[in-house]
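# Structural overview
These are the residues of each chain, in order.
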Amino acid sequence: CFRTRNPKGNFNLFAKMDLRIYGHKGWEKWYPYFPDLKEKIVLLKDQLPFETVNLILNCSKIYPIENNPGIINGIHIRCFDAIGSGILPLPEYQKDYDLVFNQVKMPTIDTFDNGEGIAKYYLKHENERLKKINELREYVNEYYTPEIAIKKIINKV
């Protein structure tokens, strides 16, 4: 995850940006480590309704995605959620992005030092962001639809 790759890095990577983090009470344990993000966190008592989540996604331009600590390899499903929602994912780098997105460049964050810069670049260059998300969406629709995945699984059985 971002915090373990560079423990001396900037723990408040996106704190200066216009963002909200929606989560449960468990986020409170991170306040001492991410003090600048504390004001960005919206603590929820219940799961958000689908309509609210959809509204939040429709208002988003980028989606920073930290690797799932329970998955050693692979791509976080939120990358595909973001692409499907028309949001540019900015995932933490894993070599699997090079494998899965081998014909199109997925912007990834590999260190604390470049994350904020990548996010700011795409927020400042709207046409580039839209071009990239459209490129990613077309690629996913061509190579990773449920139908294609099912055919690949059946062929392996």
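Residues numbered from 1 in each chain as written. Predicted model: local features only at pLDDT ≥ 70, side-chain atom pairs only at ≥ 80, totals over all residues. Heavy atoms only, no water.

## Details of the nonpolar core
Judged by nonpolar contacts, the single largest core of 23 residues is most densely connected at Ile83, Leu90, Phe101 and Leu136. Elements represented by at least two residues in this core include exactly strand S3 (62-65), helix H3 (77-84), strand S4 (88-91), helix H4 (95-100), helix H5 (112-124) and helix H6 (126-143). Among the elements that line this core, the one with the most residues is H6, at four residues. Once residues lying within four places of it in the same chain are set aside, the contact partners of Leu90 are Ile62, Tyr63, Pro64, Ile65, Pro107, Ile109, Ile118 and Ala119. (Core = buried A, V, L, I, M, F, W, Y, C linked by side-chain atoms within 4.5 Å. Buried < 20%, exposed > 50% of the residue type's maximum accessible area, 1.4 Å probe, protein only. Helix = DSSP H or I, 4+ residues; strand = E, 2+ residues; numbered from the N terminus. Contact = heavy atoms within 4.5 Å.)

## Observations regarding the side chain of Arg129
By the secondary structure assignment, Arg129 is in helix H6. With a relative accessible area of 4%, Arg129 lands in the buried category. Setting aside residues up to four positions removed in sequence, Arg129 forms contacts with Lys61, Ile62, Gly86, Leu88 and Tyr122.

## Here we look at the pattern of salt bridges
Under the counting rule described, the total for this entry stands at five salt bridges. Lys25 is paired through a salt bridge with Glu28; the nearest N and O atoms lie 3.5 Å apart. When its relative accessible area of 30% is taken as the criterion, Glu28 is described as partly exposed. A network of salt bridges, in which partner residues are shared, links Lys61, Glu126 and Arg129. (Salt bridge = Lys/Arg side-chain N within 4 Å of Asp/Glu carboxyl O.)

## Thoughts on the packing of aromatic side chains
Evaluation of the coordinates by the stated rule reveals seven aromatic pairs. Between Phe80 and Phe101, the ring centres sit 6.0 Å apart and the planes meet at 25°, which makes this aromatic pair stacked. Pair noted here: Phe80 is in helix H3 and Phe101 is in the loop between H4 and H5, with a separation of 21 residues, a long-range link. Arranged with centres 6.4 Å apart and planes meeting at 55°, the rings of Phe80 and Tyr144 form a pair that is tilted. Of this pair, Phe80 sits in helix H3 while Tyr144 sits in the loop between H6 and helix H7 (146-156), placing them 64 residues apart in sequence. (Phe/Tyr/Trp six-rings, centres within 6.5 Å; stacked < 30°, edge-to-face > 60°.)

## Re the confidence of the model for the protein
When pLDDT is low, close inspection of the predicted coordinates is not appropriate. Averaged over all residues, the pLDDT of the protein equals 85, while 92% of them reach at least 70. Averaged pLDDT values for the elements of the protein fall to 42 in helix H1 (residues 2-5) and rise to 96 in H6. Across residues 1-9, where pLDDT falls below 50, the model places 19 contacts with residues more than four positions away in sequence or in other chains. (pLDDT = per-residue confidence, 0-100.)

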